[in-house]
Amino acid sequence: MHDLNIVSVNVRGLNSVEKRNAFYKWSEQNNFDAVLLQETYYVEKFKEKYDFIWNDISIHNFSDSPYSRGVSILFRKEIDVNIINVHRSNDARKLLVNVKIYDNLITFINVYAPNNENASIAFFNRLKSFTTKHSCEGSKMILCGDFNCNFEKKNDKFNRY
């Protein structure tokens, strides 16, 4: 299998033209083969605007609000990527893409988990069934995202532990 240069970033919104262009330029300069974005705040009616500067392959799960949620997966066109299928959750927090890259079957899963404890538990339970249902059998899986988890009590703003 070829090496893939992959990055996962919570961008906290890319609706600003300046921020979006700067981020896309940074991604290209670093030659990332796959870029997994969380909290894009992308809404479907502006898809062409989001993809204007990104000349490669982009797949989005659009939010219903330009101020929250949204996940995207971007692929550099120079890699040999064939998209098999795409699955989006209704809450704009999960995006699963099955691809073939250099004859390797890969499932990319990009998530943006809620930061509310009860919502988070339910989210991860649904994520397991979502992944099982939609991933291709025998594929390698790459799971990235913002899990909104903190394992140290002293840094947990909700002090749940």
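Above: the structure in question.
A brief structural summary. (Residues numbered from 1 in each chain as written. Predicted model: local features only at pLDDT ≥ 70, side-chain atom pairs only at ≥ 80, totals over all residues. Heavy atoms only, no water.)

**Some thoughts on the pattern of salt bridges**
For the structure shown, the criterion picks out 6 salt bridges. In this structure, Asp 51 engages Lys 47 in a salt bridge whose closest nitrogen and oxygen atoms are separated by 2.3 Å. Highlighted residues: Asp 51 and Lys 47, both in helix H2 (residues 47–51), separated by 4 residues, approximately one helical turn. A relative accessible area of 33% means that Lys 47 is categorised as partly exposed. Where Arg 69 meets Asp 64, a salt bridge forms, and the shortest distance between an N and an O atom there is 2.3 Å. For Asp 64, a relative accessible area of 67% corresponds to the exposed category. Connected through shared salt-bridge partners, Asp 33, Arg 76 and Glu 78 make up one network. (Salt bridge = Lys/Arg side-chain N within 4 Å of Asp/Glu carboxyl O. Helix = DSSP H or I, 4+ residues; strand = E, 2+ residues; numbered from the N terminus. Buried < 20%, exposed > 50% of the residue type's maximum accessible area, 1.4 Å probe, protein only.)

**A closer look at helix H3 (residues 117–134)**
Taking 1.5 Å per residue as the helical rise, H3 with its 18 residues ought to reach 26 Å, and the 25 Å between its terminal C-alpha atoms agrees with that figure. Ser 120, Phe 123, Leu 127, Phe 130, Thr 131 and His 134 are the residues of H3 that are buried. The buried residues of H3 occupy one face: seen down the axis, they fall within an arc of 90°. Opposite its buried face, H3 presents the exposed residues Asn 118, Asn 125, Lys 128, Thr 132 and Lys 133, each directed more than 90 degrees away. On its buried face, H3 is in contact with strand S5 (81–88), strand S6 (94–101), strand S7 (104–112) and strand S8 (140–146). (Expected span 1.5 Å × (residues − 1). Arc of directions from axis to C-beta. Contact = heavy atoms within 4.5 Å.)

**So, the sheet that holds S6**
As summarised here, the arrangement of the 4 strands in space is S5-S6-S7-S8, forming an open sheet in which the pairing is mixed. Of all the strands in the sheet, just S5 and S8 have a single pairing partner and so form its edges. For this sheet, the mean angle separating the axes of adjacent strands, direction not counted, is 20°. Strand direction decides the pairing type here: S6 and S7, joined by 8 bridges, are antiparallel. Across the sheet, the residue bridging to Lys 94 is Val 111, located in S7. Taken strand by strand, H3 contacts S5, S6, S7 and S8, and its axis lies near 30° from that of S6. (Pairing = 2+ DSSP bridges. Axes fitted to C-alpha atoms, helices over the stretch in contact; angles between N-to-C directions.)

**Re the side chain of Asn 110**
Structurally, Asn 110 is set in strand S7. Residue Asn 110 is classed as buried on the basis of its relative accessible area, which comes to 0%.

**Details of the pairing of strand S4 (residues 71–75)**
Consecutive residues of a regular strand have side chains that alternate between opposite faces of the sheet. Burial within S4 is extensive, with 5 of its 5 residues counted as buried. Across 5 bridges, the pairing between strand S3 (residues 57–61) and S4 is antiparallel. Across the sheet, the residue bridging to His 60 is Ser 72, located in S4.

By themselves, these observations are geometric and do not establish any function.
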